[in-house]
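Now for the letters of each chain:
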Amino acid sequence: MPGSGGRRTAAGVRRLVARLRAWLRTRKPASLRTTFALAFAAGAAAVTVLVGFLSYDAAARLVRVDEKSVFSGVVGDLRTQVQERPFGPRDYLTADPDHDGPRDELTRPTRVGVQVLGADGRIVDPGHPVLPVGSAERTIAGYGGAGRYAEREATVGDDEYHVATVALGGGRGAVQVAQKFSGTEDLLAELQQRTALLAAVVIACSGAAGWWLARRITGRLVRLTSVAESVAEDGRLDVPVPVAGRDEVARLGRAFDDMLGRLASSVEDQQRLVQDAGHELRTPLTSLRTNISLLRRFEDLPPEAREELLADLAGEARELSDLVNELVGLAAGRRDDDPLADVRLADVAEKAAASARRRTGRDITVHTVRPAEVEGRPDALHRALTNLLENAAKFDAGGTEPIEVHVTGTRIEVLDRGPGLAASDLTRVFDRFYRAPAARGLPGSGLGLAIVREIAAAHGGHAFAAHRAGGGAVLGFTVGRGPGHDPAGAR
């Protein structure tokens, strides 16, 4: 039947799509590469099947319409012949030696079969193949009016035919013309098979291309995954990270490499902090053990030695407590529980100066020039400035001039008239546990200025040290931009 091939193709496409959906629901791809390849192949398959189906359907329609048009033209020509001239059955016989009869006019341009019927409907000249003759055909053969016709579809053997029977008129018989449309359907079936084969080849090639493309896309992701698994397995942070290109995968690689670098730096800082802390803790602990051993002979000591021992114990305990507090504060990192707020640096300077006056008894003056308001952590900034003031008071213990605090914009300076700093100390004074030669006999943990540097860096600034004109030192720090700047981002 016409259109049956298209319906079979549509049904096949629906079954293929249903099976593909069922397979995708039940199967989970093992990797991202497989997912990409399957998605690429599925998209190509859908497009190929759709284009193949539409192409086949259009071609089948055109072929069938063309065949029907040709056959209708043959029937029309035959009717015109018998209406214009009183032809008889003999005029349509195959034995025409000149091949210029009315039958030749029908068969020459087309491939149609012709069979001639007599007045009683019997076959006078059989066609190839012999066409079936029924009551309708016999009625047409005996009909008096020329040109009347009847059409039907007939099965001859394994083939299907369009058959038209046209009356010659005057009861002289009829002429049957037949067109084999099963051949057209066979041709379309072969076209359908070739289209399906081509679609399968295209899908296979698409799957291979998808696999190759997915491999190129995910290759760097696989290498990054291997690096991450290696880091998770052995804990090494110095592994090389593959970084190539400018796409999202390259950005991920650079971010991963930067993350590993920061982690390695953090681990290194922690290890150095532990080592330095262990070294610094040995001195007060050794002194405490020595003094504790002396306590066993406490009753044998003279009163002056007893007082000196107790004072020494109290001082060592206080120094050890300060050191532990500084270590805890430093190990807590740059983040603080202190919330972000808009901070006026002039207010921070005044509060820190008042606090340092009470602790040290020194005269401290504050000078401000266009003091800025920044977004930061008030307690952390107060602590940083307090550390600077206490450091200045410690090194200028016998000084008579006031300690000065200068706030200029986002820059805070503490100026003293102490012994100053050697040139080699200017770049190291903010290092953890660093003690200048002149300060090794003074109390302190060596962490106060390191904390200043950490706080300044957390606020997008930096710490600095310089010589003061006329003697003394200038130590201070800067902070980042104004409100809207997250100091945590400086990390």
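For the structure itself, look to the data block above.
Residues numbered from 1 in each chain as written. Predicted model: local features only at pLDDT ≥ 70, side-chain atom pairs only at ≥ 80, totals over all residues. Heavy atoms only, no water.

Caption draft 1: Focus on the nonpolar core. By size, the foremost hydrophobic cluster in this structure holds 38 residues, and its most contacted members are Leu-385, Leu-389, Val-405 and Phe-477. Among the elements of the structure, α8 (345–360), β7 (364–369), α9 (378–395), β9 (403–408), β10 (411–415), α10 (448–458), β11 (463–467) and β12 (473–478) are those that each provide at least two residues to this core. By residue number, the principal contributor to this core is α9, which donates eight residues. In contact with Phe-477, not counting residues within four places along its chain, are Leu-381, Ala-384, Leu-385, Leu-388, Thr-410, Arg-411, Ile-412, Val-452, Ala-456, His-462, Ala-463 and Phe-464. (Core = buried A, V, L, I, M, F, W, Y, C linked by side-chain atoms within 4.5 Å. Buried < 20%, exposed > 50% of the residue type's maximum accessible area, 1.4 Å probe, protein only. Helix = DSSP H or I, 4+ residues; strand = E, 2+ residues; numbered from the N terminus. Contact = heavy atoms within 4.5 Å.)

Caption draft 2: Expanded view of the sheet that holds β11. The strand order across the open sheet formed by five strands is β7-β9-β10-β12-β11, and the pairing between neighbours is mixed. The open sheet has two edge strands, β7 and β11, and neither has a second partner. Here the average twist between neighbouring strands, direction ignored, is 20°. Relative to β9, β7 runs parallel, the two being bridged by six bridges. Bridged to Val-369 within β9 is Thr-408. Sheet strands touched by α9: β7, β9, β10 and β12. Its angle to β12, the strand with the most contacts, is close to 175°. (Pairing = 2+ DSSP bridges. Axes fitted to C-alpha atoms, helices over the stretch in contact; angles between N-to-C directions.)

Caption draft 3: Quick look at the pattern of salt bridges. A full pass over the atoms with the stated rule returns six salt bridges. For Arg-122, the salt bridge identified is with Asp-120, shortest N-O distance 2.4 Å. We classify Arg-122 as exposed; its relative accessible area is 61%. Take Asp-120: its relative accessible area is 40%, and that puts it in the partly exposed class. (Salt bridge = Lys/Arg side-chain N within 4 Å of Asp/Glu carboxyl O.)

Caption draft 4: Focus on the sheet that holds strand β2 (residues 123–125). The five strands lie next to each other as β2-β1-β5-β4-β3, forming an open sheet whose pairing is antiparallel. This sheet does not close on itself; its edge strands, each paired only once, are β2 and β3 (149–156). Geometrically, the sheet is characterised by an average inter-axis angle of 30° between neighbouring strands, direction not taken into account. Inspection of the sheet shows β3 paired to strand β4 (residues 159–167) by eight bridges, in the antiparallel sense.

Caption draft 5: Region of the structure containing the side chain of His-459. With respect to the helices and strands, His-459 occurs in the loop between α10 and β11. For His-459, a relative accessible area of 3% corresponds to the buried category. Only 3.0 Å separates the side chain of His-459 from the backbone nitrogen of Arg-377, close enough to count as a polar contact. (Polar contact = N/O pair within 3.5 Å; in protein donor to acceptor, adjacent residues only side chain to side chain.)

Caption draft 6: Region of interest: the environment of Leu-340. In this structure, Leu-340 sits in the loop between α7 (303–331) and β6 (341–344). Of the residues examined, Leu-340 reaches a relative accessible area of 33% and is grouped as partly exposed. With 34 residues separating them in the primary sequence, Leu-340 and Val-374 have C-alpha atoms 9.9 Å apart.

Caption draft 7: Quick peek at a nonpolar patch on the surface. Taken together, the side chains of Phe-36, Phe-40, Trp-212, Leu-213 and Ile-217 define a hydrophobic patch exposed on the protein surface, amounting to about 470 Å² of accessible area. With three residues, the top contributor of residues to the nonpolar patch is helix α5 (residues 182–234). With respect to the secondary-structure elements, Phe-36 resides in helix α2 (residues 32–84). The class for Phe-36 is partly exposed, based on a relative accessible area of 34%. (Patch = residues over 30% accessible without salt bridge, like charges linked within 9 Å, V, L, I, M, F, W, Y side chains within 5 Å. Areas by Shrake-Rupley, 256 points an atom, 1.4 Å probe, with all protein chains shown as cover.)

Caption draft 8: Examining the packing of aromatic side chains more closely. Inspection of the entire model under this criterion finds one aromatic pair. Seen in terms of ring centroids, Phe-87 and Tyr-92 are 5.8 Å apart; in terms of plane orientation they differ by 75°. Their pairing is edge-to-face. Given the relative accessible area of 8%, Phe-87 is considered buried. Of the residues examined, Tyr-92 reaches a relative accessible area of 0% and is grouped as buried. The ring centre of Tyr-143 lies 4.6 Å from the NZ or CZ of Arg-148, which sits over that ring. (Phe/Tyr/Trp six-rings, centres within 6.5 Å; stacked < 30°, edge-to-face > 60°. Lys NZ or Arg CZ within 6 Å of the ring centre and 35° of its normal.)

Caption draft 9: Looking closely at α8. Over its 16 residues, α8 extends 22 Å from the first C-alpha to the last, a length consistent with the 22 Å expected when each residue adds 1.5 Å. All of the buried residues in α8 are Leu-345, Ala-346, Val-348, Ala-349, Ala-352, Ala-353, Ser-355 and Ala-356. Contact partners of the buried residues in α8: β6, β7, β8 (373–376), α9, β9 and β10. One or two steps after α8, the chain reaches Gly-361, where phi turns positive at roughly 75°. (Expected span 1.5 Å × (residues − 1).)

Caption draft 10: A look at the packing of α9 against α10. Close contact between α9 and α10 brings their axes to 9 Å; oriented N to C, the two are set at 145°. In the crossing of α9 with α10, the sense of the turn from one axis to the other is left-handed. Where α9 approaches α10, its residues Ala-380, Leu-381, Arg-383, Ala-384, Asn-387, Leu-388 and Asn-391 are matched on the opposing element by Gly-448, Leu-449, Ile-451, Val-452 and Ile-455. (Left-handed = near helix turned anticlockwise from the far one by under 90°.)

On their own, these measurements won't tell you what the molecule is for.
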